[in-house]
Structure formats: structure tokens, C-alpha cells
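A closer look at the structure
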Amino acid sequence: MGKFEVSVLPSASVKASALELGFATVGICDAAPSPGITAYADWLANGRHGTMSYLAKSSDLRADPRALLPSCRSVVAVTLNYAQPNPPVPGQPRIATYALGRDYHKVLRSKLRKLERWLQAMHPGVETRACVDSAPILERDFAHLAGLGWFGKNTLLIDSRRGSWFFIGLLLTSLHFEPDLPSMGSCGSCMRCVEACPTGAIIQENRRWQVDARHCISYLTIEHKGDIEPELAAKMGAWTFGCDVCQEVCPFNEPRASQPLRAAKASEPDFLTGRAWPGLNELAQISHEDWDGLTRGSAVRRTGLLGLRRNARINLENER
């Protein structure tokens, strides 16, 4: 089939292929302007992205998947579970659950490339582009449109049956597949995540829930460079890289006998192969050579050597 074929293809085969690759869920939506781009622009205009200037530089590309792949007609959205036990241990760094195993960018991108190759074998001439987090596209919007979840007050995508412990990946394609319906759901009157956030980063403005990155522990421990305000540092507690609080308290992540898929544990081996992290005292003064070896292939590398040292020192201070 040529890449400019206009007929709508059934989605069963591509979904089956994605599930065979290990993805937890898969859905499809039409390529269209992102419905959340206006809210995203407002969030940027209000400075809620902090020092993540790269988000503003790529805002035009995020408006429409066809800015990344001009021939795009469908967006295949997939999820991959990463939940696993992650209790705090005194004296040890507390790493967000998503970063315990191999860097998820590498894992999802590898699987999406396999799906690309399958599509290319089935439909010679098809054009595709895999997107995993770092690509300038609003992944949540298209995962929602593809029926994989709805937005919680903590701004995470929530699947009513599975919770929110999953990564999102997208595959843009010039093929036109039968689309799914957008996901429906709501937090209702629940305020658990809002009340539990240590720094009050989850706020409502203009009747829309959002996260002010400047107060988010994940942002502070990963993206923020330099010193952290003492008041915010004191609220970081034991978190050395990232934060899971808003997911830990979410009712949709509570396993129930009637809904066994909720908070489904990770089955991807790369996520379950953890690494031995040194204690906080050692981490607070870790050498560049040791840091380089320790964080290679890990999402924790994102925070950098100085950031990891800084965070460990703050954790030690908070333990006193």
C-alpha cells in the first residue's frame, strides 16, 4: 500500500503486534492539532515550567504531530507498566520508581522501532516516527484521544482499570488506521494528591488543574540546577531523584480484587533489573568517575553529578 493511500485500515493487526512486543495497552487516534496546546501555552506564559527553557523553544512543534511527520495520518499510542515495590530505606537514596531500572527512553524506543519495522514490512513505503518523552509532542493528549486514559488532578494520565504507573510512547504513521474513542473518567471530589503533595505543587487556575514545576520535587531534584531554596529543600524529605507521592496516594493505584489490573506490576525485565545505589553519605561526595559508571543507562543520569550530590546532601540534612 502506498503512503498516500486514503482508505482507513482496520486496527486489529497493529494492536496485536504492539501487545506481542510487551506493551500493556495500545490505542489509536487521528493526527490532529493537540487539544491541550492552548493550556500548555498558558502554562509556559505563567512561568510554571521553571528553568526548562527547552519546553518553550519547541512549543510550535508540539501543536500538531504533522509538524514532526508531515505525512502523519494516525498516532498509535502505547503504554508500558513500571510499578514495583519501592519502600524508603533510611540512609539510602530514594529514587522514583520509574527510574529504578534501565532508562525507559531506551526501552520504549527499542520496542517502538520493532513496531516500526513490522509496519514497514506489512506496508512498504509507510512513513513513521517514534516518540518517547523527549520528542516535542504532547504525549498525554494523544494517549487520551487514543482511549488510554484521562487526566487526573496531578496531571498524570490515569487508566481507570490500571492506574497511572505506566510510560507512554507514540508512533506517528502515514497510514490511516481506524481510531479509538477518547477515554472518559474523572477524579470526582477526590483531593488526595493535592493534599499529599509535600510542596503544594498541584494547583488549580482558571478551573484547570496543573503542576507548578517550580515547586515540584521531581523538577527540583532532576531539572533544577544550582541551589534549592531552603524551604523547598526541607520539604523534599528523602527524595533523591524524582517523587512518587501523588501516585502513591491515588485511589486508582490501589489494587482491588474486583480490578486485578490496577497498579499492575512491571513485567519488562529491563525495568526490574535494578542497581545497587551507594548510601547517601557516599553519594553526597561521589566522584565523577563513580557517578559516570553508576548512572550509565539510567534515567538518574539526567540530574547530573552536581545535582545528585546536592540532592543527597539535602536528604542527609532532612534525616537529622
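Everything here concerns the structure above.
What comes next concerns the included structure. Owing to the predicted nature of the structure, the values given are computational and were not obtained by experimental measurement.

The next point concerns the pairing of strand 8 (residues 202-205). Taken together, the 4 bridges between strand 8 and strand 9 (residues 208-211) define a ladder with antiparallel strand orientation. Bridge pairing in strand 9 links isoleucine 203 to glutamine 210. Taken together, strand 8 and the strand that follows it, strand 9, pair antiparallel across an intervening segment of 2 residues, in which asparagine 206 is found at a positive phi of about 55 degrees.

At a closest axis distance of 10 Å, the pairing of helix 12 (residues 288-295) and helix 13 (residues 304-319) adopts a crossing angle of 95 degrees. Judged on the interaxial angle alone, helix 13 and helix 12 are roughly perpendicular. Facing helix 12, whose interface residues are His288, Trp291 and Thr295, helix 13 presents Gly304, Leu305, Leu308 and Arg309. Taken together, the residues of the contact of helix 12 with helix 13 break down into 3 nonpolar, 3 polar and 1 charged.

So, on to unusual backbone geometry. Within the chain, threonine 155 stands out as a residue other than glycine whose phi angle is a positive 75 degrees. Inspection of the secondary structure puts threonine 155 in the loop between strand 5 (150-151) and strand 6 (157-158). One non-glycine residue, arginine 207, lies in positive phi territory at about 65 degrees. For arginine 207, the position within the fold is in the loop between strand 8 and strand 9. Residue class for arginine 207 comes out exposed when judged on its relative accessible area of 81%.

What follows is about the pattern of salt bridges. For the structure on display, the rule yields 15 salt bridges. One salt bridge connects lysine 15 with aspartate 180, and the closest N-O pair in it is separated by 2.7 Å. Of this pair, lysine 15 sits in helix 1 (residues 12-20) while aspartate 180 is found in the loop between strand 7 (166-173) and helix 6 (192-196), placing the two residues 165 residues apart along the sequence. Residue classification places aspartate 180 among the partly exposed positions, given a relative accessible area of 26%. The partner of arginine 296 in a salt bridge is aspartate 292, and the shortest N-O contact between them spans 2.2 Å. Its relative accessible area of 53% is what places arginine 296 among the exposed residues. Residue classification places aspartate 292 among the buried positions, given a relative accessible area of 18%. Within the structure, one salt-bridge network assembled from shared partners comprises Arg48, Glu205, Asp212 and Arg214.

Overall, antiparallel pairing links the 4 strands, which are arranged 1-2-7-4 in an open sheet. Two strands bound the open sheet, and with one partner strand each, they are strand 1 (25-30) and strand 4 (128-131). This sheet shows a mean twist of 20 degrees between the axes of neighbouring strands, independent of strand direction. Of the pairings in the sheet, the one linking strand 4 to strand 7 comprises 4 bridges and is antiparallel in character. Looking at strand 7, one finds that alanine 130 is bridged to leucine 171. Strand contacts of helix 1: strand 1 and strand 2 (74-81), with the helix running at about 145 degrees to strand 1, the strand carrying the most contacts. Contacting strand 2, strand 4 and strand 7, helix 4 (residues 104-122) crosses the sheet at an angle of about 35 degrees to strand 7.

In this section: the nonpolar core. Tyr98, Leu108 and Phe271 are the most contacted members of the largest nonpolar core, which has 47 residues in total. Those elements giving two or more residues to this core turn out to be helix 1, strand 1, strand 2, helix 4, strand 7, helix 11 (280-283), helix 12 and helix 13. In terms of residue count, the dominant contributor to this core is helix 4 (6 residues). Ignoring anything within four residues of it in the chain, the contact list for phenylalanine 271 reads Leu80, Asn81, Tyr82, Gln84, Gly101, Arg102, Tyr104, Val107, Leu108, Phe167 and Ala266.

Criteria and cut-off values
- Residues numbered from 1 in each chain as written.
- Predicted model: local features only at pLDDT ≥ 70, side-chain atom pairs only at ≥ 80, totals over all residues.
- Heavy atoms only, no water.
- Pairing = 2+ DSSP bridges.
- Helix = DSSP H or I, 4+ residues; strand = E, 2+ residues; numbered from the N terminus.
- Axes fitted to C-alpha atoms, helices over the stretch in contact; angles between N-to-C directions.
- Parallel < 35°, antiparallel > 145°, perpendicular 65-115°, else oblique.
- Contact = heavy atoms within 4.5 Å.
- Nonpolar A, V, L, I, M, F, W, Y, C, P; charged D, E, K, R; others polar.
- Buried < 20%, exposed > 50% of the residue type's maximum accessible area, 1.4 Å probe, protein only.
- Salt bridge = Lys/Arg side-chain N within 4 Å of Asp/Glu carboxyl O.
- Core = buried A, V, L, I, M, F, W, Y, C linked by side-chain atoms within 4.5 Å.

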